[in-house]
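Tertiary structure, described
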Amino acid sequence: METPTCAMTRRDREQDELRQAYCDGSLTIAFDKEKTWCKRKELEGALRATPSTARDKRVKIGQELSEIETHSKKAGRGSESEFTAARLAFCEQPGKSAYAICKAIGRFTDQDGDMTYSYDDPEGEEVPSASVSG
């Protein structure tokens, strides 16, 4: 049986692989050409790496994060929806269905050429469905 720490480490590695595939362009989805999820993750990393004494730099990064979220909300898309769509496309790739981040994905239906996926969260929370143009 896998320990909780090992499971979390494996899941983190899988999510890093997903983010790298999506953010470097090798995985594409018809969702957000600006890749706000990638930008947000990059800025969050920069914020973590910035010392607390560099207040001006931290404020600037915080403002950029706020602008990304505001833009996403105005467009009617959140970065979590973008993550969900990227994860669904990632999990469609050969060999990825065994990944822990892919096991929660359930069913899909074809609607006018678009694949609409929904899945059950293992923790029982309601999770929105996402569409990926095919």
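**Observations concerning the overall build of the protein chain**
- The secondary structure content of the protein chain amounts to 5 helices and 3 strands.
- Counted from the first residue to the last, the protein chain has its helices and strands arranged as α-α-α-α-α-β-β-β.
- Each of the 134 residues in the protein chain was classed as buried or not, and the buried ones make up 31%.
- A sequence separation of at least 24 residues applies to 47% of the contacts in the protein chain between residues at least 6 apart.
- Accessible area for the protein chain stands at about 8900 Å²; split by element, carbon and sulfur atoms hold 49% of it.

**Observations regarding the state of the cysteines**
- Tallied over the full model, the rule gives 2 disulfides.
- The partner cysteine of cysteine 23 in its disulfide is cysteine 38, sulfur to sulfur 2.0 Å. Measuring the twist about the S-S bond at about -95°, one finds the cysteine 23-cysteine 38 disulfide to be left-handed. Pair noted here: cysteine 23 is in helix α1 (residues 4-23) and cysteine 38 is in helix α2 (residues 36-49), with a separation of 15 residues, a long-range link.

**Examining the nonpolar core**
- Ranked by internal contacts, the top residues of the largest apolar core, which has 16 residues, are Leu18, Tyr22, Leu27, Trp37 and Phe90.
- With 6 residues, helix α4 (residues 79-91) is the single largest residue contributor to this core.
- Filtering out sequence-adjacent residues up to four positions away, leucine 18 remains in contact with Leu27, Trp37, Phe83, Ala86, Arg87, Phe90 and Ile101.

**Things to note about α1**
- Under the 1.5 Å per step criterion, the end-to-end length of α1 is 28 Å for 20 residues, consistent within 8% with the ideal 28 Å.
- Here α1 has its buried residues at Glu14, Leu18, Ala21 and Tyr22. Relative to the axis of α1, the buried residues are bounded by an arc of 95° and lie together on one face. Within α1, the exposed residues directed more than 90 degrees away from the buried face are Thr5, Met8, Arg13 and Gln20.
- Within two residues after α1, glycine 25 carries a phi angle of roughly 95°, on the positive side.

**Description of the packing of aromatic side chains**
- Per the stated rule, a full pass over the model turns up 3 aromatic pairs.
- Here the aromatic cluster, defined as three or more aromatic residues joined through ring pairs, consists of Tyr22, Trp37 and Phe83.
- Across from the ring centre of tyrosine 22, 4.7 Å away, lies the NZ or CZ of lysine 35, which sits over that ring.

**A short note on the environment of alanine 85**
- For alanine 85, the location among the structural elements is in helix α4.
- Looking at alanine 85, the relative accessible area reads 0%, which means it is buried.
- Considered as a pair, alanine 85 and threonine 28 are 57 residues apart in the sequence and their alpha carbons are 9.7 Å apart.

**Remarks on the confidence of the model for the protein chain**
- Per-residue pLDDT for the protein chain has a mean of 77; in total, 69% of the residues score no lower than 70.
- Counted against residues more than four places away or in other chains, residues 107-113, with its pLDDT under 50, gives 13 contacts.
- Across residues 117-134, confidence stays below pLDDT 50; counting only partners more than four residues off in sequence or on other chains, it has 41 contacts.

What counts as what
Residues numbered from 1 in each chain as written. Predicted model: local features only at pLDDT ≥ 70, side-chain atom pairs only at ≥ 80, totals over all residues. Heavy atoms only, no water. Helix = DSSP H or I, 4+ residues; strand = E, 2+ residues; numbered from the N terminus. Buried < 20%, exposed > 50% of the residue type's maximum accessible area, 1.4 Å probe, protein only. Contact = heavy atoms within 4.5 Å. Areas by Shrake-Rupley, 256 points an atom, 1.4 Å probe, with all protein chains shown as cover. Disulfide = S-S within 2.5 Å. Core = buried A, V, L, I, M, F, W, Y, C linked by side-chain atoms within 4.5 Å. Expected span 1.5 Å × (residues − 1). Arc of directions from axis to C-beta. Phe/Tyr/Trp six-rings, centres within 6.5 Å; stacked < 30°, edge-to-face > 60°. Lys NZ or Arg CZ within 6 Å of the ring centre and 35° of its normal. pLDDT = per-residue confidence, 0-100.

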